[in-house]
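Residue-level listing of the chains:
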Amino acid sequence: SRYCQRRIGVSEYHVKKKIANALDIGCGNGNHVLFLEKQGINCTGIDISDNAISNARLRLEKEGISHADLAVLDAKKMQFDCNSFDLIISDGVCDHVLFDEAKMIIDKAYNCLSQNGYLFISLRSIFDSEFGRGEFVEKNTYRLVGGYENGEIQHFFDISEISQLLHKFNIFDLELSETIYPSEYSLDKAYI
């Protein structure tokens, strides 16, 4: 919200960049879709999981939002028209696929983003305390063993890979936040 519109009152916003349409890649239970829709931004949410989309629909309906476009769709297969979205969010998606697949997803996102649109993406870093846990698959990539994501791919990005991933974009903000989980915690962040 700090780059698009920030709430300055109960129902008043300081608009920095007008966003008409947004896409949430890997929308899960609809957190970002709900947030954007409550701000009057039309949002499309896609997720590979039938259950996630069903839960998102129920959640949005409970909040009185019935017009959001939600679809079961693998991000690697998305094909939206050029200039379809002013904002694209990919939170915790590209680090659960192989690096080449992540590049494909971000290239597809670039193709449907408006000329001066924004991409918000979150990625796990090689400096993450869980880097190296699981079965090695390829450079910086592991198959998780145990926890609620058992068997899932987990890719950890280095700065070179981030540059490759976002080579078509002008990067104006890159943040590194660090959360360290001691070895006494399991993969699903529970104390052993």
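Residues numbered from 1 in each chain as written. Predicted model: local features only at pLDDT ≥ 70, side-chain atom pairs only at ≥ 80, totals over all residues. Heavy atoms only, no water.

As a further point, take the environment of Asp128. When you line up the elements, Asp128 lands in the loop between β7 (113-122) and β8 (135-138). The exposure class assigned to Asp128 is buried, which follows from its relative accessible area of 19%. Note: C-alpha distance between Asp128 and Leu87 (41 residues apart in sequence) is 27 Å. (Helix = DSSP H or I, 4+ residues; strand = E, 2+ residues; numbered from the N terminus. Buried < 20%, exposed > 50% of the residue type's maximum accessible area, 1.4 Å probe, protein only.)

A few words on unusual backbone geometry. Of note in the backbone geometry, Asn83 takes a positive phi value of approximately 60° without being a glycine. Inspection of the secondary structure assignment puts Asn83 in the loop between β5 (69-72) and β6 (85-91). The exposed category is assigned to Asn83, whose relative accessible area is 52%.

Assignment of secondary structure puts Asp24 in strand β3 (residues 21-25). The side chain of Asp24 sits in the buried core without any salt bridge; Arg59 is the nearest counter-charge, 8.9 Å away. In this structure Asp24 touches His32, Val33, Cys43, Thr44, Gly45, Ile46 and Ile89, once residues within four positions along its chain are discounted. (Lys, Arg positive; Asp, Glu negative; His and termini not counted. Salt bridge = Lys/Arg side-chain N within 4 Å of Asp/Glu carboxyl O. Contact = heavy atoms within 4.5 Å.)

Among the secondary structure elements, Gln154 is positioned in strand β10 (residues 153-155). A polar contact is formed between the side chain of Gln154 and the backbone oxygen of Asp95, at a distance of 3.2 Å. Here the side chain of Gln154 touches Arg124 through a polar contact of 3.3 Å, side chain to side chain. Once residues within four sequence positions are removed from consideration, Gln154 is found in contact with Asp95, His96, Arg124, Asn140, Thr141, Tyr142, Leu144 and Glu149. (Polar contact = N/O pair within 3.5 Å; in protein donor to acceptor, adjacent residues only side chain to side chain.)

Let us now look at the sheet that holds β10. The sheet built from three strands is open, its strands ordered β8-β9-β10 with antiparallel pairing. In the strand order of this sheet, the two ends are held by β8 and β10, each with one partner. For this sheet the average axis-to-axis angle between neighbouring strands, irrespective of direction, equals 35°. Both β8 and strand β9 (residues 141-143) contribute to a ladder of three bridges, which runs antiparallel. Within the sheet, the bridge partner assigned to Glu138 lies in β9 and is Thr141. (Pairing = 2+ DSSP bridges. Axes fitted to C-alpha atoms, helices over the stretch in contact; angles between N-to-C directions.)

With the rule as written, the count across this model stands at eight salt bridges. Two residues, Asp100 and Lys103, come together in a salt bridge whose shortest N-O distance is 3.6 Å. Residue Asp100 and its partner Lys103 are both found in helix α3 (residues 99-112); the two are separated by three residues, about one turn of the helix. Taking the shortest distance from any N to any O, the salt bridge between Lys168 and Asp107 comes out at 3.8 Å. Placement of Lys168 in the segment after α4 (159-165) and of Asp107 in helix α3 is noted, with a sequence separation of 61 residues between them. You can call Lys168 partly exposed: its relative accessible area is 35%. Here the salt bridges share partners, and the residues they tie into one network are Arg124, Asp128, Glu130 and Arg133.

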